[in-house]
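Here's the letter readout for the chains.
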Amino acid sequence: MTPLIERLHALVGEPGLITAAQDIAPYATDWRKRYFGKPLAVVKPASTTEVAAVMRLCAETRTAVVPQGGNTGLCGGATPDAAGAQIVLNLSRMNRVRAIDAVSNTITVEAGCVLANLQQAAAEADRLFPLSLAAEGSCEIGGNLSTNAGGTAVLRYGNARDLLLGLEVVLPDGQVWDGLRGLRKDNTGYDLKQLFVGAEGTLGIITAAVLKLYPRPRARATALVALESPAKALRLLSHIQGACGDRLTGFELMSAFCLELVAKHFPATQLPFAEAHPQYVLLELSDTASAANLDAALHDALVEASEAGLVLDAAVAASEAQAAALWALRENIPEAQVHEGKQIKHDISVPISRIAEYIDVTDAELQRAFPGVRMVTFGHLGDGNLHYNIAPPAGSDEDAFMARSGEASRVVHDSVVRFSGSISAEHGLGQYKRGEILRYKSPLEMDLMRRIKAALDPQGIMNPGKVL
Ligand code: FAD
Ligand code: ZN
């Protein structure tokens, strides 16, 4: 054992330390298998006190620390470099729900609590914790906050940042900041907790959080709507919001090609329409009042939308099973993409009102530059956020196409900026988009970020090589 590993062992004991290469491997690779790191060790502390002790040691020895939760991030943010000197600090053992206050509608949890378990704990208290994403069975709340995760209920409840009331953070020098306040109102200076949200582990270790809870919906109504174009989908969004208010919880766009891929790679898929249509929207309403009211509201809103010429066809789920089948169409897209082959992926946002125009303009630019590419466009239309992915032309050489990823992403991202958008709507920067962001953020904005980083982490030991 090296002296550092011996000292780590003394702090976290046998259950908290992994050093054998084969045991380290799952912690050293990202979910997409794009980055392969080689850490000195994986450290899994069991308490905030242990995290603080580890950070004090790392500060003393100038050891770089890569925080990690469920390791489902999509930008390589939780993967160490390959030099063999960094440690992965994995929070998964800190997975307790510390408290639930049903009157204040708050829950206090440790960073390593798996998102699905947190949702379950809220449900057991007859409350809703609304953050929801396809990785919820393995991602952890510390990771969700550190990436400011989005998902499918942002339209109504906001992203991770909006659900946060208080935070406990271990700073790079090992000091513990107890900001675990469950207050709805607190105007006492800078909102420090929000600095750590979306920071991707570059400023400190989130060890616990106080989060908002909501009344648990009693009713849910789900529909798949076929439409001519994203422009019609935008008009449908305004229409449903007008008719149903904030009961509209999710509004997801999927192009015809997305559903084609799902049907191809999931043969059991049943599409609710006899013929294919250019675009689809999966929408969901939820309410704490009765199901009958909600079904009637959805029905009336769709009839009006149809009369206004917005809708080609619509299928309303008549049961929970049918609702799940409609959601499966949306949720199976990423895996269908994997089966189909390599694609150039983007996670972009533009102002909601401009998203249809963005798709038209950028699709056309891409077709000029790469004739025959197939667009796998889907995502959270209600948030102005698209997973705007490019599949190679049918029958073409996949690797030759992927070799031109940089060029294709340049077209997509330059267009995003012309539309006043962002090149990362929900997945963060990590190591994947760390270089790319330099092209799009102003030097002043980058300078402000670097100054904050230097103030909190003057030794630069927190997740080096990520974000900045
Ligand atoms: P990790 O991957 O472990 O870490 C992510 C980043 O946070 C890293 O930079 C890491 O260093 C840092 N970090 C982790 N824990 C801490 C901590 N306690 N303190 C400080 N820093 C920390 N994202 C969305 O926003 N919306 C989606 O709809 C969505 N869908 C997804 C679907 C799938 C199938 C997958 C695989 C991913 C999806 N994601 C989505 C990506 C999303 O970022 C992650 O799922 C999740 O938010 C990350 O949580 P994690 O615990 O896995 O974090
Ligand atoms: Zn998404």
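The rules behind these values
Residues numbered from 1 in each chain as written. Chains lettered and ligands numbered in written order. Predicted model: local features only at pLDDT ≥ 70, side-chain atom pairs only at ≥ 80, totals over all residues. Heavy atoms only, no water. Near = heavy atom within 4 Å. Polar contact = N/O pair within 3.5 Å; in protein donor to acceptor, adjacent residues only side chain to side chain. Areas by Shrake-Rupley, 256 points an atom, 1.4 Å probe, with all protein chains shown as cover. Helix = DSSP H or I, 4+ residues; strand = E, 2+ residues; numbered from the N terminus. Nonpolar A, V, L, I, M, F, W, Y, C, P; charged D, E, K, R; others polar. Pairing = 2+ DSSP bridges. Axes fitted to C-alpha atoms, helices over the stretch in contact; angles between N-to-C directions. Contact = heavy atoms within 4.5 Å.

Peer 1: In this structure, what is going on with the site of ligand 1? I would like to understand it.
Peer 2: Pro67, Gly69, Gly70, Thr72 and Gly150 are the nearest of the 34 residues found near ligand 1. In the environment of ligand 1, an oxygen atom lies 2.8 Å from a nitrogen or oxygen atom belonging to the backbone of glutamate 140. In this structure, an oxygen atom belonging to ligand 1 sits 3.1 Å away from a main-chain N or O atom of glutamate 200. Here ligand 1, which alone exposes 970 Å², has 94% of that area covered by the protein. Of all the secondary structure elements, the ones that give two or more residues to the shell around ligand 1 are β3 (65-68), α5 (141-146) and β10 (205-212). Considering each element in turn, the shell around ligand 1 owes the most residues, 4 residues, to α5. When grouped by side-chain class, the residues that make up the shell around ligand 1 number 13 nonpolar, 18 polar and 3 charged.

Peer 1: Would you mind going over the sheet that holds strand β15 (residues 313-316) with me for this structure?
Peer 2: For sheets, the rule is that strands pair by backbone hydrogen bonds, running either parallel or antiparallel. Judged by pairing direction, the sheet is antiparallel, and its 7 strands sit side by side in the order β15-β12-β14-β13-β17-β18-β16 without closing on themselves. Only two strands of the sheet have a single partner each, and these edge strands are β15 and β16 (347-349). The average undirected angle you get between the axes of adjacent strands in this sheet is 20°. Both strand β13 (residues 248-255) and strand β14 (residues 279-287) contribute to a ladder of 7 bridges, which runs antiparallel. Of the residues in β14, the one forming a bridge with serine 255 is glutamine 279. Those strands touched by helix α10 (residues 291-307) are β12 (219-227), β14 and β15, and its axis lies near 15° from that of β12. Helix α13 (residues 355-369) rests against β13, β16, β17 (374-380) and β18 (385-391) of the sheet, and its axis sits at about 15° to β18.

Peer 1: How should I be thinking about the environment of threonine 222 in this particular structure?
Peer 2: Within the element layout of this structure, threonine 222 appears in strand β12. Each residue touching threonine 222, except ones within four places of it in the same chain, is listed here: Leu282, Leu283, Glu284, Leu298, Ala315, Val316, Ala317, Ala323, Leu326 and Trp327. Here the side chain of threonine 222 touches glutamate 284 through a polar contact of 3.3 Å, side chain to side chain.

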